[in-house]
Amino acid sequence: MRPTTLLSCLALFTSVYAEEFPKPFNTEKGDPMPAEEVARTMELPKGFKCVVFAAEPDVQQPIAMSWDKKGRLWVAENYTFAENPMRWDTKLRDRIIILEDKDGDGKHDGRKVFWEGGSYLTSVETGYGGVWVLHNGTLSFIADKNGDDVPDGEPEVLLDGFNVKTIGHNIVNGLRWGPDGWLYGRHGITDTSSVGAPGTPADKRIKMNCAIWRYHPTLKVLETVAHGGTNSWGHDWNANGDLFMINTVIGHLWHVIPGAYYRRMFGTHLNPHVYEIIEQTADHFHWDTGAEKWDAIRKGGASPKTSELGGGHAHVGMLIYQGGVWPKEYQGAMLSCNLHGNRINMDKLELEGCGYVGKHAPDFMQAKDKWFRGIDLLTCPDGNVIVSDWSDSGECHDNDGVHRTSGRIYKIVYGESKKGERSDSNNWWARTELQQQFEKGAGPAPRALRGLADASSKVGLVRLQTASDMQRLPLEERWPIATALAKHEEDTNDRQQPLMIWYGIETAVAADPLKGVELIKEAKLPTVRRLVARRIAEMIEAKPEAVDALVAMMLTAKSDNVLTDILEGLAAGLEGFSSAKKPKHWDSELERSLIGDGSERTIKLTRDLSVVFGSGRASDELIAIVKNVEGDANARLNAFKSVTRTAKPELLAVIRAQINDKVLGTVARNALAAYDDPNIPKAMLNPWPGRSEEQQAATVATLTSRPSYAKALLEAIKAKKVPATAISPFQARQIRSLGDESLNTLLTEAWGEIRDTPEAKKAEFAKWEGLLKPDVVAKADPAKGRMIFMAACSACHKLYGQGGAIGPELTGSDRHNLKYLLENILDPSAVVPADFRVSVLNLKDGRTITGVIPEQTERTLTVQTPAERITIERTQIVKQAQLPISLMPEGLLAALGDENVKNLIAYLMSNGQVEMPK
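These figures come from a predicted structure and were not determined experimentally. (Residues numbered from 1 in each chain as written. Predicted model: local features only at pLDDT ≥ 70, side-chain atom pairs only at ≥ 80, totals over all residues. Heavy atoms only, no water.)

Visitor: What exactly am I supposed to notice about the overall build of the protein here?
Guide: Tallying secondary structure elements over the protein gives 29 helices and 35 strands in all. Taking 918 residues into account, the globule formula puts the C-alpha radius of gyration at 29 Å, and the protein, at 30 Å, falls close to it. Along the longest, intermediate and shortest principal axes, the C-alpha atoms of the protein span 95 × 75 × 55 Å. In the protein, of all internal contacts separated by at least 6 residues, the share reaching a separation of at least 24 is 64%. (Helix = DSSP H or I, 4+ residues; strand = E, 2+ residues; numbered from the N terminus. Rg over C-alpha atoms; globule rule 2.2 N^0.38 Å. Contact = heavy atoms within 4.5 Å.)

Quick look at the structure:
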């Protein structure tokens, strides 16, 4: 007997239950200094003062802020952030509040709660008749078309796939409107996200790791702007429209050039052909890099030297001051909160070469309160500045608990605070008005892409923009621009320009390496010559003729510098190769010439290459490259690929040693599938790679390849050491295909039930598959399909941020696959993960409750039914049974009828939310 009927499912689509906002609680001992005392004791330059704009209980956990066009402050309060190892506590919720200073005295006198449905909430921005939020792994829009400060409905998911499961404080954050009308954000380093509009297939999504990104609000386009850093929590634009970001550990200030690749704290860029990276824009650090490790400050606080230099490596929040009311010496200054230093650092931006340099300036503000954790900075409508305070004694890794009931927003005022009036000297007004123009469709057109004429400019910034713009041009159009830019010898030692030229031409070199040889002949920049030669060398197996041409050019090279650059590139490109076919012209005469007339470096490079072109590198030499964690990432990957082409027993220990490596961890876990060793599962599961979804996927792929491995994986799931969601339905079927009955039993216990589909359902499947051809679905009406979904499905399933949570989330599922949809709709009980199996509870009071159990503690069970969410004391349960079936009813499609099914499937397969029929 079914636990629910089709009729009840159709009737419950409007079921909505309201939950009281969970009361925040503290896991950290102690309390911060009273807010007024913090403001009174704040050390600031002469003429400045600190005012408490808002403090607890009116504001708590202020993780982000933004102004609306009315001059009201919107604050994202994040309560779900938790200490390690939990990192996030989703039993709590996050919210957005609105604060207003109506009389202009610098203190808020109005407060509203706008929304309380957040989880993993890190950012808030207003515009286009609503509110934009980063929460629960999505970029979502909360409409408020009439401006009554009440959401018009549930958030609409615009982008999903931002990884929250394995990411802690490196989570996606930082919504800000740019001067180009795009919405900008940031992403940290600890794992990779795969981002796109809901329903976007995996191969069409944008991979993102450690990046600045932007989203166009009307075109619905997502782009990665620049890559690298560690974990940026601040960015801003200068008066010239150039973007800068703040960072931690490896440098605090970076000029964000579109298409650039910057130093990473660890790991490799998603593009393996970057090779070399741009260093930070600042010419100094705010901590003692010569004598201290970056994490020493977490254990013993800032040393006297680090305190003198700026207070520490961790920077949060960034503002380039352009408010117009502070003294001229602060106009254009970069301000950033220093987490460990309890202060605000200041840098001065100056033009240098093709870009900028950040010069050290005296710290702007110092707090006496050791709990001061500045997290965001904004210019106010009156030209002064507000700074939010997380107010916690810990830091971003937070191992000592979280103090959720505190939080402050301070206003830093020069002279007297007053209500903001329009001022041409305060960029708050200019930015607000510009954004209003974009929302009306009247914003300025984007700057035209720079081309060949700009490549000869004497202005460094123009040449830099030209190099950056190459990445937006067709490959054929890039060659003359790159050639012209590479002739500017004055840019030889520029921090960014030679590398930006390389980033712009790399894909063109890959497509036509012979043209890359011609570029080397013309280029005056050693970096460009070297990296083009390296890219050509890496293609020696696929396009040996390009390497032949490169070697032939060495015979006629008129400059020793050109010769050396080519040799350097060849050697770097082939470093991880065990052997390669000898190019034409690499004969004894050329070798003698290079060795006889060359420098010590040239001689070594020539001999190394001769080994690769001859007998090949010894296995021990390749293994040494693999083990060198400080070595070039591409060389290590190539060497790993070379030594693991065949599964040799002696390599097992080498591969196992790399499974947690930041460069080789994923490929090493995949490579272990070739070995049958009882110690492999333990090595891969202890500990579970909780901070990397890519390593998790590789682990599961390997451990579902053999019965003994699968058993270890399932036992780890049963013991709660690995989440059951790590195994997909496909992998569950793969385990079942191993043909081990004891394994099937364990699979059912630990993961869920898999049944064979009966013949009658197979016939029904064939019927619908025949009816729902692609051209039929394309002509259907997804808007009507949305109405059917709301009636028949939304009580249990969530799609595009709307619906219930009884069944699996559909937004990120394989919805473009008709077979996937039909299998799950027609035979919902064929594959039932444990979390969605139906439980039947008989209670002492005579009730019988049927539903799924999303949460349980030692004392209580929470049961979700289609109509309500009930928490029950275990002592009240007489009998509890779990059924190997889904709560979803069978016969749904037949009950709906052909036309409704066509429309429903069209909606389920859509790439984004559709408007309801008028």
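There is more to say, and it comes next.
Visitor: What exactly am I supposed to notice about the pattern of salt bridges here?
Guide: Pairing between side chains of opposite charge can happen when their charged atoms approach one another. Under the counting rule described, the total for this entry stands at 39 salt bridges. With its nearest N and O atoms 2.8 Å apart, the salt bridge here joins Asp608 to Lys604. On the criterion of helical spacing, the pair formed by Asp608 and Lys604 is a turn pair, its members being 4 residues apart in helix H14 (residues 600-613). A residue is classified by how much of its surface remains accessible, and Lys604, at 45% relative accessible area, is partly exposed. A single network of salt bridges, built from pairs that share partners, joins Asp68, Arg72, Lys112 and Asp149. (Salt bridge = Lys/Arg side-chain N within 4 Å of Asp/Glu carboxyl O. Buried < 20%, exposed > 50% of the residue type's maximum accessible area, 1.4 Å probe, protein only.)

Visitor: I keep staring at unusual backbone geometry and nothing clicks. Help me out?
Guide: Backbone geometry follows two general trends: most residues other than glycine have a negative phi, and most peptide bonds adopt the trans configuration. Note that the residue after Glu56, namely Pro57, is joined by a cis bond; omega there is 10°. By the element assignment, Pro57 lies in the loop between strand E1 (48-55) and strand E2 (62-67). Looking along the chain, the bond that leaves Asn686 and enters Pro687 is cis, with omega of 0°. Not every positive phi belongs to a glycine, and Tyr120 is a case in point at roughly 60°. With respect to the secondary-structure elements, Tyr120 resides in the loop between strand E5 (110-118) and strand E6 (123-126). On the accessibility criterion, Tyr120 (15% relative accessible area) is buried. Here Tyr275, not a glycine, exhibits a phi torsion of approximately 70°, which is positive. As for its position among the elements, Tyr275 is in the loop between strand E19 (261-264) and helix H3 (297-300). On the basis of relative accessibility, which here comes to 14%, the residue Tyr275 falls in the buried class.

Visitor: Mind showing me how you'd approach the nonpolar core here?
Guide: The nonpolar side chains of a soluble globular protein tend to be buried, and buried together. Among the nonpolar cores identified, the biggest contains 82 residues, and Ile536, Leu550, Leu570 and Trp586 are the most heavily contacted of them. Considering every element that reaches this core, the biggest residue donor is helix H8 (residues 497-511), with 8 residues. Residue contacts for Leu550: discarding those within four places in its chain leaves Val517, Ile520, Ala533, Ile536, Ile566 and Leu570. Counting 46 residues, the second-largest nonpolar core is a separate cluster that includes Val124, Tyr215, Leu339 and Ile375. (Core = buried A, V, L, I, M, F, W, Y, C linked by side-chain atoms within 4.5 Å.)

Visitor: Any chance you could explain the sheet that holds strand E9 (residues 156-160) here in plain terms?
Guide: Two strands in a sheet stick together by hydrogen bonds in their backbones, pointing the same way (parallel) or opposite ways (antiparallel). Read across the sheet, 4 strands follow the order E6-E7-E8-E9 without closing on themselves; strand pairing throughout is antiparallel. The open sheet has two edge strands, E6 and E9, and neither has a second partner. The mean inter-strand angle of the sheet, taken between neighbouring strand axes irrespective of direction, is 20°. In this structure, strand E7 (residues 130-135) lies alongside strand E8 (residues 138-143), joined through 6 bridges in antiparallel fashion. Among the inter-strand pairings, Val131 is bridged to a residue of E8, identified as Ile142. (Pairing = 2+ DSSP bridges. Axes fitted to C-alpha atoms, helices over the stretch in contact; angles between N-to-C directions.)

Visitor: In this structure, what is going on with helix H12 (residues 560-573)? I would like to understand it.
Guide: Each turn of an α-helix holds 3.6 residues, which means side chains three or four residues apart point in the same direction. Its 14 residues give H12 an end-to-end C-alpha distance of 20 Å, which sits within 8% of 20 Å, the value for a rise of 1.5 Å per residue. All of the buried residues along H12 are Val562, Leu563, Asp565, Ile566, Leu567, Gly569, Leu570, Ala571 and Gly573. One side-chain oxygen of the residue at the start of H12 lies 3.1 Å from the amide nitrogen of Asn561, identifying that residue as Ser559. (Expected span 1.5 Å × (residues − 1). Polar contact = N/O pair within 3.5 Å; in protein donor to acceptor, adjacent residues only side chain to side chain.)

Visitor: What is the right way to read the packing of aromatic side chains from this model?
Guide: Any aromatic ring pair is given by two values, namely how distant the centres are and how the planes are angled relative to each other. The full count for this structure, using the stated rule, is 27 aromatic pairs. Their ring planes at 35° and their centres at 5.3 Å tell us that Phe162 and Trp213 sit as a pair that is tilted. You can see Phe162 sitting in the loop between E9 and strand E10 (173-177) and its partner Trp213 sitting in strand E14 (residues 211-215), a full 51 residues away along the chain. Looking at Phe162, the relative accessible area reads 3%, which means it is buried. Look at Trp213 and you get buried, because its relative accessible area is 0%. Aromatic rings pair up to connect Phe48, Tyr321, Trp326, Tyr330, Phe364 and Tyr414 into one cluster. One residue, Arg214, lies across the ring of Trp182, its end atom 3.6 Å from the ring centre. (Phe/Tyr/Trp six-rings, centres within 6.5 Å; stacked < 30°, edge-to-face > 60°. Lys NZ or Arg CZ within 6 Å of the ring centre and 35° of its normal.)

Visitor: What is the right way to look at the packing of helix H9 (residues 513-522) against helix H10 (residues 526-538) in this model?
Guide: Working note: a packed helix pair is described by the angle between its axes plus the distance between those axes. At a closest axis distance of 9 Å, the pairing of H9 and H10 adopts a crossing angle of 160°. By the criterion of interaxial angle, the relationship of H9 to H10 is roughly antiparallel. In this structure, H9 crosses over H10, and the sense of that crossing is left-handed. The segment H9 lies against H10, with Pro513, Gly516, Val517, Leu519 and Ile520 engaging Val528, Arg529, Val532, Ala533 and Ile536. Here the residues of the contact of H9 with H10 are counted per class, giving 8 nonpolar, 1 polar and 1 charged. (Parallel < 35°, antiparallel > 145°, perpendicular 65-115°, else oblique. Left-handed = near helix turned anticlockwise from the far one by under 90°. Nonpolar A, V, L, I, M, F, W, Y, C, P; charged D, E, K, R; others polar.)

Visitor: Where do I start with the side chain of Thr281 in this structure?
Guide: Within the secondary structure layout, Thr281 lies in the loop between E19 and H3. Side-chain polar atoms of Thr281 contact the backbone nitrogen of His255, separated by 2.7 Å. In this structure Thr281 touches Leu253, Trp254, His255, Tyr356, Val357, Gly358 and Arg495, once residues within four positions along its chain are discounted.

Visitor: How do you make sense of the sheet that holds E19 when you look at a structure like this?
Guide: Read across the sheet, 5 strands follow the order E10-E11-E14-E15-E19 without closing on themselves; strand pairing throughout is mixed. In this open sheet, the two strands that pair with only one neighbour each are E10 and E19. Adjacent strand axes in the sheet meet at a mean angle of 25° when their direction is disregarded.

Visitor: Before we go on, may I ask you to explain the state of the cysteines in this structure?
Guide: Defined simply, a disulfide is a covalent bond joining two cysteines at their sulfur atoms. What the rule picks out here adds up to 0 disulfides. This cysteine, Cys50, is not joined by any disulfide, and Cys337 carries the nearest cysteine sulfur, 11 Å off. (Disulfide = S-S within 2.5 Å.)

Visitor: Is there a simple way to think about the environment of Pro758 in this case?
Guide: Here Pro758 lies in the loop between strand E27 (752-754) and helix H24 (759-771). Considered as a pair, Pro758 and Asp827 are 69 residues apart in the sequence and their alpha carbons are 8.9 Å apart.

Visitor: What should I look at first to understand helix H26 (residues 782-792) in this one?
Guide: Every buried residue of H26 is listed here: Ala783, Gly785, Arg786, Ile788, Phe789 and Ala792. Its side-chain oxygen placed 3.0 Å from the backbone nitrogen of Ala783, Asp781 serves as the N-cap of H26.

Visitor: Please explain the pairing of strand E3 (residues 73-77) as it appears in this structure.
Guide: Within a regular strand, the side chains alternate between the two sheet faces. With 5 of its 5 residues buried, E3 lies for the most part within the structure. Across the two faces of E3 the burial is the same, with Leu73, Val75 and Glu77 and Trp74 and Ala76 all buried. A loop of 5 residues connects E2 with E3, the two strands running antiparallel in sequence, and Gly71 in this loop sits at a positive phi of about 80°. Inspection of the sheet shows E3 paired to strand E4 (residues 94-100) by 5 bridges, in the antiparallel sense. By the bridge assignment, Trp74 is partnered in E4 with Ile98.

Visitor: Would you take a moment to explain the confidence of the model for the protein for this structure?
Guide: Any region with low pLDDT has predicted coordinates that should not be read closely. Model confidence for the protein is summarised by a mean pLDDT of 89, while 92% of its residues fall at 70 or above. This model gives residues 1-18 a pLDDT under 50, and the stretch forms 33 contacts once residues within four places in sequence are excluded. (pLDDT = per-residue confidence, 0-100.)

Visitor: Hey, could you run me through the pairing of E9 in this one?
Guide: For E9, the tally of buried residues reaches 4 of 5 residues, placing the bulk of the element in the interior. As paired strands, E8 and E9 are joined by 4 bridges and run antiparallel to one another. Directly across from Thr138, in E9, lies its bridge partner Asp160.

Visitor: Quick question: what am I supposed to make of the packing of H10 against helix H11 (residues 544-556) here?
Guide: Where H10 meets H11, the closest approach of the two axes is 8 Å, and the angle between their N-to-C directions is 140°. Taken together, the axes of H10 and H11 are oblique relative to one another. The hand of the H10/H11 crossing is left-handed. From H10, Ala533, Ile536 and Ala537 reach across to H11, where they touch Ala546, Val547 and Leu550. Of the residues in the contact of H10 with H11, the class split is 6 nonpolar, no polar and no charged.

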